[in-house]
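The primary structure of each chain is shown beneath.
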Amino acid sequence: MHTSISEILKEKTLKSSRRSLPCLAQSQTHPENLNHFLSVPLSPEPKTYSHSVSASCTHILPPPTDTGQDVYMEEREAGGFAPKTDETHHVQQKPVSRGKLEARTESIQGNSLENPSGLMFRDGKKRIDYILVYKKSSLQVEKRCTFERNLRAEGLMLEKEPSLTNSDILFVKIHAPWDTLCKYAEQMNIRMPFRKKCYFTDWKKKTMGSQFQLRCRQLKSWLPRNPMKLDKEALPDLEETDCYTAPFSRARVHHFTINNRETFFSNSTRSRIVHHVLQRTKYEDAKSKMGINRLLGNSTYEAAFPPHEGSYKSRHPIKTHGAQNHRHLLYERWARWGIWYKYQPLDLIRRYFGEKIGLYFAWLGWYTGMLIPAALVGLFVFLYGLFTMDSSQVSKEICEANTTIMCPMCEGNCSSWTLSDSCVYAKVTHLFDNGGTVFFAIFMAIWATVFLEFWKRRRAELTYDWDLIDWEEEEEELRPQFEAKYSRKERVNPISGKPEPFQPFTDKFSRLMVSVSGIFFMISLVLTAVFAVVVFRLIAMEKFVSFQWEFVKKNWQFATSGTGVCINFMIIMSLNVVYEKVAYLLTNLEHPRTESEWENSFALKMFLFQFVNLNSSTFYIAFFLGRFAGRPGDYNKLFNRWRMEECHPSGCLIDLCLQMGVIMVLKQIWNNFMELGYPLLQNWWSRRKMKRAGEQINSKEGLPQWDRDWNLQPMNAHGLVDEYLEMVLQFGFTTIFVAAFPLAPLLALLNNIIEIRLDAYKFVTQWRRPMPARATDIGIWHGILEGIGVVAVITNAFVIAITSDYIPRFVYAFKYGPCVDKGYRHEKCLRGYLNNSLSFFDMGEFKNGSFQNQYCRYRDYRAPPWSPEPYDFTLQFWHVLAARLAFIIVFEHLVFGIKTFIAHMIPDMPKDLSDRMRREKYLMQEMVYEAELEHLQKERKKNGKRYHHEWP
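The protein chain carries the name Anoctamin in an unreviewed UniProt entry, which gives Phoxinus phoxinus as its organism. Here is the UniProt Sequence similarities (unreviewed entry) comment for the protein chain, exactly as written: "Belongs to the anoctamin family."

A.B. asks: Please clarify how the overall build of the protein chain should be interpreted in this entry.
C.D. replies: A tally of helices and strands in the protein chain yields 30 helices and 18 strands. Per-residue burial for the protein chain yields a buried fraction of 52% across its 952 residues. Taking as baseline every contact in the protein chain between residues at least 6 positions apart, the subset at least 24 positions apart corresponds to 76%. Summing over all exposed atoms, the protein chain offers an accessible surface of approximately 46,100 Å²; the carbon and sulfur share of this is 58%.

A.B. asks: What is the right way to look at the UniProt feature "transmembrane region" (unreviewed entry) in the protein chain in this model?
C.D. replies: Per the UniProt record, "transmembrane region" (unreviewed entry) is found at residues 360-387, 437-455, 512-536, 556-579, 607-630, 728-750, 778-802 and 877-902. For residues 607-630, helix accounts for 71% and strand for 4%, while the C-alpha atoms at its two ends are 36 Å apart. Taken end to end, residues 778-802 is 92% helix and 0% strand, and its two terminal C-alpha atoms sit 36 Å from one another.

A.B. asks: Is there a simple way to explain the confidence of the model for the protein chain in this structure?
C.D. replies: Keep in mind that low pLDDT regions are not for reading the predicted coordinates in detail. Overall, the predicted model of the protein chain reaches an average pLDDT of 76, with 76% of residues at or above 70. Scored below 50 in pLDDT, residues 1-56 shows 160 contacts in the model against residues more than four places distant or in partner chains. Confidence drops under a pLDDT of 50 for residues 58-117, and excluding neighbours within four residues, the segment shows 92 contacts in the predicted structure.

A.B. asks: What's the story with the nonpolar core in this structure? I'm lost.
C.D. replies: What tends to happen in soluble globular proteins is that the nonpolar side chains get buried as a cluster. Membership of the largest hydrophobic core comes to 145 residues, with the highest contact counts inside it found for W363 and W781. For this core, the element with the most residues is helix α13 (residues 355-387), which contributes 15 residues. When neighbours within four sequence positions are excluded, W363 is seen to be in contact with F451, W455, Y724, M727, I778 and L785. Membership of the second largest hydrophobic core comes to 38 residues, among which are L158, I174, A185 and M927.

A.B. asks: Hey, could you run me through the pattern of salt bridges in this one?
C.D. replies: Oppositely charged side chains are able to pair whenever their charged atoms sit close together. In the structure shown here, the tally under the stated rule is 28 salt bridges. The shortest N-O distance in the salt bridge between K173 and E159 comes to 2.7 Å. Residue K173 is found in strand β5 (residues 169-175), and its partner E159 is found in strand β4 (residues 157-162); the two are separated by 14 residues along the sequence. The same class applies to K173 and to E159, which are both buried.

A.B. asks: Mind showing me how you'd approach the pairing of β4 here?
C.D. replies: Taken residue by residue, a regular strand's side chains alternate between the two faces of the sheet. The buried fraction of β4 is high, at six of six residues. Burial of β4 is two-sided: the residues M157, E159 and E161 facing one way and the residues L158, K160 and P162 facing the other way are all buried. Bridge count for β4 against β5 is six bridges, and the pairing is antiparallel. Within β5, the position partnered with M157 by the bridge is H175.

A.B. asks: Where do I start with the packing of α13 against helix α15 (residues 423-432) in this structure?
C.D. replies: Direction vectors running N to C along α13 and α15 enclose 145°, while the axes themselves pass 7 Å from each other. You can see that α13 and α15 cross each other, and the crossing is right-handed. Of α15, the residues touching α13 (which contributes V381, F382, G385 and L386) are H430, L431 and F432. Here the residues of the contact of α13 with α15 are counted per class, giving five nonpolar, two polar and no charged.

A.B. asks: What is the right way to read the packing of aromatic side chains from this model?
C.D. replies: The relative placement of two aromatic rings is captured by the distance of their centres and the angle of their planes. Overall, the coordinates contain 51 aromatic pairs when judged by the stated rule. A ring pair is formed by Y367 and F451, whose centres lie 5.6 Å apart and whose planes are at 50°; its orientation type is tilted. In this pair, Y367 sits in helix α13 while F451 sits in helix α16 (residues 436-465), placing the two residues 84 residues apart along the sequence. Owing to a relative accessible area of 0%, F451 belongs among the buried residues under this scheme.

A.B. asks: Sorry, what's going on with a nonpolar patch on the surface here?
C.D. replies: Taken together, the side chains of F873, L875, W878, L881 and L885 define a hydrophobic patch exposed on the protein surface, amounting to about 500 Å² of accessible area. Residue placement: W878 occurs in helix α29 (residues 875-905). According to the relative accessible area criterion, W878 is partly exposed, its value standing at 46%.

A.B. asks: Quick question: what am I supposed to make of the sheet that holds β4 here?
C.D. replies: Taken in spatial order, the four strands make up an open sheet running β4-β5-β3-β8, and their pairing is antiparallel. The sheet terminates laterally at β4 and β8 (303-305), the two strands that pair on one side only. On average, each strand axis in the sheet is inclined to that of its neighbour by 20°, with strand direction left out of account. Contacts from helix α4 (residues 141-153) reach β3 (130-135), β4 and β5, with the element oriented near 160° to β3. Together, β3 and β5 form the strand contacts of helix α8 (residues 267-279), whose direction differs from that of β3 by roughly 45°.

A.B. asks: Could you clarify how one ought to interpret the environment of V253 in this entry?
C.D. replies: With respect to the element layout, V253 can be found in the loop between β7 (243-247) and α7 (261-264). Under the relative-accessibility criterion, V253 is labelled partly exposed at 31%. Between the alpha carbons of V253 and F194 there is a distance of 9.5 Å; along the sequence they are 59 residues apart.

A.B. asks: Would you mind showing me how to read the state of the cysteines here?
C.D. replies: Here is the idea: a disulfide is a covalent bond, and it sits between the sulfur atoms of two cysteines. Summed over all chains, the structure comprises two disulfides. Between the sulfur atoms of C407 and its disulfide partner C856 the distance amounts to 2.0 Å. A torsion of 80° about the S-S bond marks the disulfide between C407 and C856 as right-handed. Of the two residues, C407 is situated in the loop between β9 (405-406) and β10 (417-418) and C856 in strand β18 (residues 855-859); the sequence distance between them amounts to 449 residues. Its relative accessible area of 0% is what places C856 among the buried residues.

A.B. asks: What is the right way to read the environment of A185 from this model?
C.D. replies: Here A185 lies in helix α5 (residues 178-187). Take A185: its relative accessible area is 0%, and that puts it in the buried class. Not counting residues up to four positions away in its chain, the partners in contact with A185 are I190, F248, F265 and I273.

A.B. asks: Is there a simple way to think about the side chain of Q876 in this case?
C.D. replies: Mapped onto the elements of the fold, Q876 is located in helix α29. Excluding residues within four positions of it along the chain, Q876 makes contact with Y812, Y816, N836 and Y861.

A.B. asks: Explain the environment of F439 here, please?
C.D. replies: Topologically, F439 is positioned in helix α16. F439 gets classed as partly exposed once you look at its relative accessible area, which sits at 48%. Counting along the chain gives 62 residues from F439 to V377, while the straight-line C-alpha distance between them is 9.8 Å.

A.B. asks: I keep staring at unusual backbone geometry and nothing clicks. Help me out?
C.D. replies: Most peptide bonds adopt trans geometry, and most residues besides glycine take a negative phi value. You will see that D467, though not glycine, has its phi angle at about 60°, which is positive. Among the structural elements, D467 can be located in the loop between α16 and α17 (480-485). A relative accessible area of 4% means that D467 is categorised as buried. Its identity as a non-glycine residue notwithstanding, H591 has a phi of 55°, on the positive side. Take H591: it is sitting in the loop between α20 (556-590) and α21 (595-623).

A.B. asks: For this particular structure, what's the right way to read the side chain of S617?
C.D. replies: Here S617 shows up in helix α21. Among the residues examined, S617 registers a relative accessible area of 5% and is labelled buried. Excluding residues that lie within four positions of it along the chain, S617 makes contacts with V530, N568, Q659 and I663.

A.B. asks: Would you mind showing me how to read α5 here?
C.D. replies: Residue pairs spaced three or four apart in an α-helix point in one direction, given the helix's 3.6 residues per turn. Those residues of α5 that fall on the buried side of the exposure criterion are W178, T180, L181, C182, Y184 and A185. Elements that come into contact with the buried residues of α5 comprise α7 and α8.

A.B. asks: It is not clear to me how the packing of helix α12 (residues 346-353) against α13 should be interpreted in this structure. Could you clarify?
C.D. replies: Where α12 meets α13, the closest approach of the two axes is 7 Å, and the angle between their N-to-C directions is 150°. Considering the angle they form, α12 stands roughly antiparallel to α13. Relative to α13, α12 is oriented so that their crossing is right-handed. The segment α12 lies against α13, with L346, I349, R350 and F353 engaging E355, I357, G358, F361 and A362. Classifying every residue of the contact of α12 with α13 gives six nonpolar, one polar and two charged.

Cut-offs used in this document
- Residues numbered from 1 in each chain as written.
- Predicted model: local features only at pLDDT ≥ 70, side-chain atom pairs only at ≥ 80, totals over all residues.
- Heavy atoms only, no water.
- UniProt positions renumbered as here; feature names shortened; annotations may be inferred.
- Helix = DSSP H or I, 4+ residues; strand = E, 2+ residues; numbered from the N terminus.
- Buried < 20%, exposed > 50% of the residue type's maximum accessible area, 1.4 Å probe, protein only.
- Contact = heavy atoms within 4.5 Å.
- Areas by Shrake-Rupley, 256 points an atom, 1.4 Å probe, with all protein chains shown as cover.
- pLDDT = per-residue confidence, 0-100.
- Core = buried A, V, L, I, M, F, W, Y, C linked by side-chain atoms within 4.5 Å.
- Salt bridge = Lys/Arg side-chain N within 4 Å of Asp/Glu carboxyl O.
- Pairing = 2+ DSSP bridges.
- Axes fitted to C-alpha atoms, helices over the stretch in contact; angles between N-to-C directions.
- Left-handed = near helix turned anticlockwise from the far one by under 90°.
- Nonpolar A, V, L, I, M, F, W, Y, C, P; charged D, E, K, R; others polar.
- Phe/Tyr/Trp six-rings, centres within 6.5 Å; stacked < 30°, edge-to-face > 60°.
- Patch = residues over 30% accessible without salt bridge, like charges linked within 9 Å, V, L, I, M, F, W, Y side chains within 5 Å.
- Disulfide = S-S within 2.5 Å.
- Parallel < 35°, antiparallel > 145°, perpendicular 65-115°, else oblique.

Structure representation (structure tokens):
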């Protein structure tokens, strides 16, 4: 038996969820300052809007001597003409001189005073939903005229405006009337507000939960207010809504909550509908000749974008006068640097830029928040190394080894040196190679799993709040390049049932093989660059060891590592430019079928290229530096010329730390500069050209919105690929070698705090408004993040076992140290470790004979020259090697087991959310039943027919 809705409404309500679409849209969608021109009555609009503006393309009959083809002439529309009430016929307009154009400036500025945002047609009633830009000098006149005529046939209304800063530019303003919005909203299955939301409570919560909740609220009221939360007064448009949504249907339009037709569809929804029409409108009679993307590609149009909602700045403070528009509100409550510590207004971001961009900022904010505990633990590990630096037994022995003669670092003019000369180097090494290293590596491996698992839960909440649970990505249209390439071969689409171009398997496989070969070639180029850096380090090492300046000669290891890192960074940034172009060419060579396939393929190539480019030198330092150096008297030489580089007696971890720190800091600074500096310079140049061309305009505020948006920079051609790529590479740097650099999470946290506001400032002020696209997740990047988490466990196990000295110290303390029979007591058990880890070499064996009857020390586990088998590996070497392999196996299995257990224990969706979704699905069915029954009963009563309280 069905439950009555009237009974459900009487139940006690819980806290309502923040659903996306407003229940009373006429007062919630726009700020108060815009409501004065958005109040439109509900009466039906007249049907005479199909040609609301004078056509810019006039159809001229061909002369008798012509071949009979239609000739289209472009109207040089630049002058003032009054809007007509009946424009069902194309009327040719006369060209208007530049003088009249200047005279029109005053009228447009006057109109701007009445309509500050400049978002309306000339009549001040029709809202601009999309803008097309083209040049009068363009030769693609026929295609443009056909395209615009077909847009009018689809129900869109067009109006043209000349640019006030460039006489060759014309803007086509597009407005979607109510009937057109309803038609395509139904086709696109857009979910709209349906009925008031109802909630239920369990009887246990009614009896037991009320007291607990009341006490929690009292306790919360005593606590100080969270300074990171945004005030509800600061975001008046984001009050929690309380409506169910359902796919829009014109047949059941009476079921939806429509208080104002102008605000029922939000600005982003209107833009998506117009973009949908633009993508599917033909410009020629051929089957595949359609879509705005192709017209942008062949220069028929210069740009296509939805307009910003006015200026992002105001002369009046927002606290006293309120926000002028959503863009102004986003700038004041999100993009300003002064509110860097505040939470992001994700609902407003999603409403203005769409779900896809909203999910990116939600993920970035979640990632930044999760970095806080990782940064604190890493800082604690670093401070632990700092406070115990002077008390470290290994550092003490190195600093006190005044009589320990080390073997020369090069041959020829190099001399021996004392171990105490590297005292500072040993102390700095202890900052990052101490007892907390293993703990921090395990912690970060678990942190990566917790971050991804809780992000799944956060994503589920966002998709529920933003009404994306039942949204399925519509069938994407084919890329124009794919259609042009494979137009001769067709097959029936299993979803749409229509014939479409088809790429044979052999062609696809051959192109994929060529692309894979290109990827391996670029990776080999990266390895070649790393090899060049290695050669540079070997040459620099010899030069710095024999340098005339005593300071450089004493700190030759710092000098070698520092210059090598800087050279490597310049090579990395130079090759990144090449990789982007190669990835673009290889992706186009594959001819992906749809835009999402193209974006995923391009993103994967860019990640592989830049990941290898960024981390190849780091892998060399971590796992190869000093492993193949040989021993004194039998050194391995590169090209029989340069000795292979050795590690410091205190370990190779400091070299790895220096490599990571310098590259991470320099790359973040460079990326932030390019992200903000480049658009700022471009927009400054555009404003300078505007001042030159439009001297009649007193200020930038006098320009209409379409002119101002045209002079902004378009969003990156690759969408959010560059934004995600930067953060994913940073995630890899933060997790993969975190055992060598515990400050990496802290640097990432500081960078991301800046990155959020920098990206916000860029999206709000420097870029044109992107098309609000929908998405339910972050796409291929989630799989890449999971792969990085697996690689991080393996690399950290090898870093601790091979790169650091943790295992050799551990073996010495338990097997060879003074505490073998007394139990392990930390630093005291490492007495004599330095002498134990250094082997002897007879310098009299040098061929030049310059050293006689003297022994030098070097880092290795080899027998002394006076033993029966000189310079062979000792038993301790094999013990250390076995301990390293055992540690790698135990560490990996332990961490992978913990990661799997945590992933299994944390569900992808909160249970209360799952229950609420099932409950709402049931209530929706009841609502549809009762609403339809009520509607039919009213119709029968109106017609005088009998009705019953049951389904008719």
